[in-house]
Amino acid sequence: MPHSSSSSPPSSVPTISNLRLRALIIWSSKNYAIAAFVFLLLLSLSLFSHLDSRSRSRSRYPSHPRSSLVPLTLLRNTNRTRALCLDGSAPGYHFQSGSGSGSRNWLLHIEGGGWCNSIASCTQRKFTHLGSSNYMEKLIPFSGILSSDPSENPDFFNWNKVKIRYCDGASFAGHPESEQRGSDLLFRGQVIWEAIMDELLSIGLSKAEQALLSGCSAGGLAALIHCDNFRQVLPKEATVKCLSDAGFFLDEKDISGNSTMRYFYHDVAQLQGLAKSLHKDCIAKMEPYKCLFPQEIVKNIKTPLFLVHPAYDFWQIRNILVPQGSDLLGHWQSCRLNIRNCNANMIDKLDSYRGSLLKAVNEFQQRKEIGMFINSCFIHCQTEMEATWHSPNSPKINDKTIAESVGDWYFDRKAVKRIDCSSFPCNPTCHNMDFT
């Protein structure tokens, strides 16, 4: 574990049960990926999901008739760059070249999948695709924001598109100086980020005219952390912007009064030495783990940014507001599985959490370069799936899909600050998860 008796969390971070942290780690590293891609399959059948978190399949990417399969490319020159996954395998990405008017434009999307906050949880993670390229799918479909179908992805369909695989456990922000002898774990997130950028620059990114860095969940957090660096490595005359999908994690107490997420981020930041990847102005004023929260990161981002976020983010509800261990009597069990099972008092608490999100993003309302699409749905990432990105049945605010909203913002067609109606279930276009 990252903390011994002589290394305790700061006084502002209350100690919480190992059970609650273990639940957070397990969901982050395994079940999130399974749930997200099972959800994609079920949405393609126009059904809501009934997910078994214990189920396993040979692939997390169900067949998708409109998506061509894109091969995994392992990073070159890893012996020189020292850019390696948790287990020492080479990191990877999937690349699809652009065409026509999009041949000089680039869209990079960073995979999500939680974090590991201890030697034990990172060791567990290295035996999955989130810690080793040995377990990554060799072929995956590109859909949603990565789709090559203009009807599904009207603004970015013919761009060069890259999906960056996530195998470091710390949102591409860990540093090798924090590696511990005898653990057989490598903390190379920042090194991986730099090596992938170098390789992509060498194959055409350096000539980009327009570029968008996006990411989902922990990948959305990575997009925030590296947004300004992405801007810096591209041509000055290029249009460069960033997008975070379900990556705006809140520093909120759970229903039992404990700061579960704060404690968890403290451990992640300390274990992998994240301070060196976070903004120096923030680090100068507060402890590194606080600078890992998006509310602090966005304050220092200079590059235009778009936030896609559900007001009732199921991951945050299940892991920050009501993590396992905070509800000892099981009152929230059914609500955590399906928001439609929540009683009036529970909905009030969820509305209060939504209020905290809106208060946090309100700070950025006056910044013209920041766009947002915050819908009142019980879901997590929404940009990777056709059904939630852009389709006849996609979630909408003011009759606009997420894809249309992002396009309006990216191409400066109009300012986009779309905040949904105020209480669940007010938006009938939502795709709400059901884990029953």
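Residues numbered from 1 in each chain as written. Predicted model: local features only at pLDDT ≥ 70, side-chain atom pairs only at ≥ 80, totals over all residues. Heavy atoms only, no water.

- For the protein, the name recorded in an unreviewed UniProt entry is Pectin acetylesterase, with Phaseolus coccineus as its organism.
- For the protein, the Subcellular location (unreviewed entry) comment in UniProt is given as "Secreted, Cell wall".
- According to the UniProt record, the Function (unreviewed entry) comment for the protein reads "Hydrolyzes acetyl esters in homogalacturonan regions of pectin. In type I primary cell wall, galacturonic acid residues of pectin can be acetylated at the O-2 and O-3 positions. Decreasing the degree of acetylation of pectin gels in vitro alters their physical properties." (UniProt positions renumbered as here; feature names shortened; annotations may be inferred.)

## Considering the overall build of the protein
Link 1 in the chain: Counting its regular elements, the protein contains 13 helices and 10 strands.
Link 2 in the chain: Of the contacts formed within the protein by residues at least 6 apart in sequence, a portion of 77% connects residues at least 24 apart.
Link 3 in the chain: Summed over all atoms, the accessible surface of the protein reaches about 17,100 Å², with 49% contributed by carbon and sulfur. (Helix = DSSP H or I, 4+ residues; strand = E, 2+ residues; numbered from the N terminus. Contact = heavy atoms within 4.5 Å. Areas by Shrake-Rupley, 256 points an atom, 1.4 Å probe, with all protein chains shown as cover.)

## Here's the deal with the nonpolar core
Link 1 in the chain: With 92 residues, the main nonpolar core has Leu108, Trp115, Leu205, Phe230, Tyr265 and Leu350 as its most contacted residues.
Link 2 in the chain: Among the nonpolar cores identified, the runner-up in size contains 21 residues, and Val70, Leu107, Ile145 and Phe373 belong to it. (Core = buried A, V, L, I, M, F, W, Y, C linked by side-chain atoms within 4.5 Å. Buried < 20%, exposed > 50% of the residue type's maximum accessible area, 1.4 Å probe, protein only.)

## Regarding the environment of Gln96
Link 1 in the chain: Looking at the element boundaries, Gln96 is found in strand S2 (residues 92-96).
Link 2 in the chain: For the pair Gln96 and Pro71, spaced 25 residues apart in sequence, the C-alpha separation works out to 8.7 Å.
Link 3 in the chain: Among the polar contacts listed, one links the side chain of Gln96 to the side chain of Ser148, at a separation of 2.6 Å. (Polar contact = N/O pair within 3.5 Å; in protein donor to acceptor, adjacent residues only side chain to side chain.)

## A word on the packing of helix H4 (residues 189-202) against helix H5 (residues 218-233)
Link 1 in the chain: Where H4 meets H5, the closest approach of the two axes is 12 Å, and the angle between their N-to-C directions is 30°. As the angle between them shows, H4 and H5 are arranged roughly parallel. Regarding H4 and H5, the two cross each other, and that crossing is right-handed. Taking contact as the criterion, the partners of Gln190, Trp193, Met197 and Leu201 in H4 are, on H5, His226, Asn229, Phe230 and Val233.
Link 2 in the chain: Counted by class, the contact of H4 with H5 contains 5 nonpolar, 3 polar and no charged residues. (Axes fitted to C-alpha atoms, helices over the stretch in contact; angles between N-to-C directions. Parallel < 35°, antiparallel > 145°, perpendicular 65-115°, else oblique. Left-handed = near helix turned anticlockwise from the far one by under 90°. Nonpolar A, V, L, I, M, F, W, Y, C, P; charged D, E, K, R; others polar.)

## Focus on the pattern of salt bridges
Link 1 in the chain: According to the stated counting rule, one finds 16 salt bridges in the structure shown.
Link 2 in the chain: When the shortest N-O distance is used, the salt bridge between Arg188 and Glu179 registers 2.4 Å.
Link 3 in the chain: By sharing partners, the salt bridges in this structure join Asp155, Lys400, Asp408, Arg413 and Arg418 into a single network. (Salt bridge = Lys/Arg side-chain N within 4 Å of Asp/Glu carboxyl O.)

## Quick notes on the environment of Phe411
Link 1 in the chain: Along the chain, Phe411 turns up in the loop between helix H13 (402-410) and strand S10 (417-419).
Link 2 in the chain: Owing to a relative accessible area of 29%, Phe411 belongs among the partly exposed residues under this scheme.
Link 3 in the chain: A sequence separation of 201 residues divides Phe411 from Gln210, and the C-alpha atoms of the two residues are 9.9 Å apart.
Link 4 in the chain: Those residues within four positions of Phe411 in sequence are excluded, and the remaining contacts are Asp155, Phe156, Trp159 and Gln210.

## Some points on the packing of aromatic side chains
Each aromatic ring pair is summarised here by two numbers: the centre-to-centre distance and the angle between the ring planes.
Link 1 in the chain: Applying the stated criterion across every chain yields a total of 19 aromatic pairs.
Link 2 in the chain: Between Trp159 and Tyr410, the aromatic rings sit 5.6 Å apart at their centres with planes inclined by 75°, giving edge-to-face as the arrangement. One end of the pair, Trp159, is in the loop between strand S4 (139-141) and strand S5 (160-164); the other, Tyr410, is in helix H13, and 251 residues separate them in sequence. Of the two residues, Trp159 and Tyr410, neither departs from the other in class, the shared state being buried.
Link 3 in the chain: A network of ring pairs unites the aromatic residues Trp115, Phe249, Phe264, Tyr265, Phe293 and Trp315 as a single cluster.
Link 4 in the chain: When the ring centre of Trp409 is taken as origin, the NZ or CZ atom of Lys241, which lies over that ring, is 5.1 Å away.
Link 5 in the chain: Residue placement shows Lys241 over the ring face of Tyr410; its charged tip is 5.2 Å from the ring centre. (Phe/Tyr/Trp six-rings, centres within 6.5 Å; stacked < 30°, edge-to-face > 60°. Lys NZ or Arg CZ within 6 Å of the ring centre and 35° of its normal.)

## Quick look at the confidence of the model for the protein
Link 1 in the chain: Taken over all residues, the pLDDT of the protein has a mean of 89, while the share at 70 or more is 85%.
Link 2 in the chain: By mean pLDDT, helix H1 (residues 18-44) is the weakest element of the protein at 43, and strand S3 (residues 105-110) is the strongest at 99. (pLDDT = per-residue confidence, 0-100.)

## Notes on helix H11 (residues 344-362)
Along an α-helix, residues three or four positions apart point the same way, because every turn accommodates 3.6 residues.
Link 1 in the chain: Relative to the 27 Å expected for 19 residues at 1.5 Å per residue, H11 spans 26 Å between its end C-alpha atoms, a close match to the ideal helical length.
Link 2 in the chain: Residues of H11 that are buried: Met346, Ile347, Leu350, Tyr353, Arg354, Ser356, Leu357, Ala360 and Val361. Mapping the buried residues of H11 onto a view down its axis gives an arc of 165°, with all of them on the same face. Facing away from the buried surface of H11 by more than 90 degrees, the exposed residues are Ala344, Asn345 and Lys359. (Expected span 1.5 Å × (residues − 1). Arc of directions from axis to C-beta.)

## Some remarks on the pairing of strand S9 (residues 370-375)
Link 1 in the chain: Of all 6 residues in S9, 6 are buried; the element is thus mostly enclosed.
Link 2 in the chain: By the alternation rule, side chains of S9 split into Ile370, Met372 and Ile374 and Gly371, Phe373 and Asn375, which are all buried.
Link 3 in the chain: Sheet analysis places S9 next to S10, joined by 3 bridges and oriented parallel. Of the residues in S10, the one forming a bridge with Ile374 is Ile419. (Pairing = 2+ DSSP bridges.)

## Observations regarding the pairing of strand S8 (residues 305-310)
Link 1 in the chain: Burial analysis of S8 places 6 of its 6 residues in the buried class, the great majority of the element.
Link 2 in the chain: Relative to S8, strand S7 (residues 239-245) is paired through 4 bridges, and the arrangement is parallel. Looking across to S8, one finds that Cys242 is bridged to Leu305.
Link 3 in the chain: In the sheet, S8 pairs with S9 via 6 bridges, with the strands oriented parallel. The partner of Val308 across the bridge, within S9, is Phe373.

## Examining the state of the cysteines
Link 1 in the chain: Under the definition given, this model contains 8 disulfides.
Link 2 in the chain: Between the sulfur atoms of Cys377 and its disulfide partner Cys430 the distance amounts to 2.0 Å. Disulfide Cys377 to Cys430: torsion about the S-S bond roughly -75°, handedness left-handed. Highlighted residues: Cys377 in the loop between S9 and helix H12 (386-389) and Cys430 in the segment after S10, separated in sequence by 53 residues. With respect to class, Cys377 is no different from Cys430; both count as buried. (Disulfide = S-S within 2.5 Å.)

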